[in-house]
Amino acid sequence: MQLMPVSLAYFLEVARTGAVSEAAQNLRVAPSAISRQIAKLESGVGVPLFIRHPRGMTLTEAGSRLLAHARRSEAESSALLTELRTGSGTDARNVTVACSEGFARRLVPHAMAAFRHDHPDVTFQLDRVPHQEATRRVVEGIADIAVTYAMGPQHDVRVECSVVVPMAAIVPPRHPLAGRERVGLAELCAYPLALPPAGTTQRDLFDTGVQLEDLTVRPALVCDAMATKYEFVRSGGGIALVGNLGDLGGLHPDPVAEGVVYVPLDHPVFRRREAQVQTMLGRRLPWAATEFTGSLVALLRPAGPVS
């Protein structure tokens, strides 16, 4: 059962898939039925919602604005239906968080555990996904909250808080850089490096810094799994870059337990990347998600400048 009008539900599926035929297949209705509802919706609002192409459809500016409204309506309708069916507001006590790996490793689980001390009836779902996927899940109402990295203004989500996270090199305890207060890119590149793949915010900024300083780098390891990079460093394979989340919310890593030493990386290019807590624009979150968002913001804010 859905609470949205049929025309809006059909519009939402066409916007998701980019094609009437695929939307019809997903919804198990005739393509002509979807086309009629879209035409009726466009007639009602008085402006085109899609640009028709030979092999699909893309949203107009008006269609994009309606899509944001439809996503909010879908998310709130789903929460309301669950509450009505259970009679107890169960959905209000379920919180789904999408976050990139660095946050899933320590900061977000720490915040969840602390939150459950005061609210033991709250259930969390944590989805570890790439940073852009975390944002997409909030935009589409799949997740209540995203904790992720971003660069530049974010227009599709509400940014509850953002903070520049210092970058650090992780090195073995007896490495020549282990006692340094900070290290520059040129010094860093003199050692074998474990780097994330191209296309990640960290790698893009690293490559920009290397180009600015006219450095040549051939990574010893390219990997997007943090556990692998930490083991590579502990085993003496080289050094790696990480966001220094130990500076956030008092979550300082234990060097003995980690088996590595964190050395701050000194280069202005890395200040372009921000840790963000994101929620859906205009959506009224259930109480537990709202309260947990506040907990995450409080954990991040003492670390540095906030916008």
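This is a predicted model, so every value here is computed, not measured.

Rules used throughout
- Residues numbered from 1 in each chain as written.
- Predicted model: local features only at pLDDT ≥ 70, side-chain atom pairs only at ≥ 80, totals over all residues.
- Heavy atoms only, no water.
- Helix = DSSP H or I, 4+ residues; strand = E, 2+ residues; numbered from the N terminus.
- Buried < 20%, exposed > 50% of the residue type's maximum accessible area, 1.4 Å probe, protein only.
- Contact = heavy atoms within 4.5 Å.
- Pairing = 2+ DSSP bridges.
- Axes fitted to C-alpha atoms, helices over the stretch in contact; angles between N-to-C directions.
- Parallel < 35°, antiparallel > 145°, perpendicular 65-115°, else oblique.
- Left-handed = near helix turned anticlockwise from the far one by under 90°.
- Nonpolar A, V, L, I, M, F, W, Y, C, P; charged D, E, K, R; others polar.
- Polar contact = N/O pair within 3.5 Å; in protein donor to acceptor, adjacent residues only side chain to side chain.

Draft legend 1. Here's a closer look at the overall build of the chain. The helix and strand inventory of the chain stands at 12 helices and 12 strands. For the chain, with 307 residues in total, the buried portion stands at 48%. A separation of at least 24 residues holds for 75% of the contacts in the chain among residues at least 6 apart in sequence.

Draft legend 2. Quick look at the sheet that holds strand 5 (residues 145-151). With mixed pairing, the 5 strands of this open sheet are ordered in space as 4-3-5-12-6. In this open sheet, the two strands that pair with only one neighbour each are strand 4 (123-128) and strand 6 (157-164). With strand direction ignored, the average angle separating the axes of adjacent strands in the sheet is 25°. Most of the contacts of helix 6 (residues 107-118) go to strand 4, to which it runs at about 175°, and overall it touches strand 3 (94-99), strand 4 and strand 5.

Draft legend 3. Local environment of helix 7 (residues 131-139). Of all the positions in helix 7, only His131, Ala134, Thr135, Arg137, Val138 and Val139 are classed as buried. One or two residues past the end of helix 7 sits Gly141, with phi positive at roughly 80°.

Draft legend 4. View of the pairing of strand 2 (residues 56-59). In this sheet, strand 2 lies alongside strand 1 (residues 50-53) in antiparallel orientation, the contact comprising 4 bridges. What sits directly across from Phe50, in strand 2, is Leu59. Once strand 1 ends, the chain turns through 2 residues before running back antiparallel as strand 2.

Draft legend 5. The arrangement of unusual backbone geometry in detail. The phi torsion at Arg28 lies on the positive side, around 60°, for a residue other than glycine. Note on placement: Arg28 falls in the loop between helix 2 (20-27) and helix 3 (31-45). For Asp214, which is not a glycine, the phi torsion comes out positive at approximately 55°. As for its position among the elements, Asp214 is in the loop between helix 9 (201-212) and strand 9 (221-222).

Draft legend 6. Summary view of the packing of helix 1 (residues 6-17) against helix 2. Where helix 1 contacts helix 2, the axes come no closer than 8 Å and their chain directions differ by 120°. Taken as axis vectors, helix 1 and helix 2 run oblique relative to one another. The chirality of how helix 1 crosses helix 2 is right-handed. Taken together, the residues of helix 2 that come into contact with helix 1 (itself represented by Tyr10, Glu13, Val14 and Thr17) are Val20, Glu22, Ala23, Asn26 and Leu27. Across the contact of helix 1 with helix 2, the residue classes tally to 5 nonpolar, 2 polar and 2 charged.

Draft legend 7. Main features of the packing of helix 6 against helix 12 (residues 287-300). At a closest axis distance of 10 Å, the pairing of helix 6 and helix 12 adopts a crossing angle of 125°. Considering the angle they form, helix 6 stands oblique to helix 12. For the element pair helix 6 and helix 12, the recorded crossing hand is right-handed. Contact residues: helix 6 offers Leu107, Val108, His110, Ala111, Met112 and Phe115, while helix 12 offers Ala288, Glu291, Phe292, Ser295, Leu296, Leu299 and Leu300. Of the residues in the contact of helix 6 with helix 12, the class split is 10 nonpolar, 2 polar and 1 charged.

Draft legend 8. Quick look at the environment of His175. Take His175: it is sitting in the loop between strand 7 (167-171) and helix 8 (185-188). Residue His175 is classed as buried on the basis of its relative accessible area of 15%. For His175 and Val261, which are 86 residues apart along the polypeptide, the C-alpha to C-alpha distance reads 8.7 Å. Not counting chain neighbours up to four residues away, the residues in contact with His175 comprise Tyr191 and Ile239. A polar atom in the side chain of His175 sits 3.0 Å from the backbone nitrogen of Leu177.

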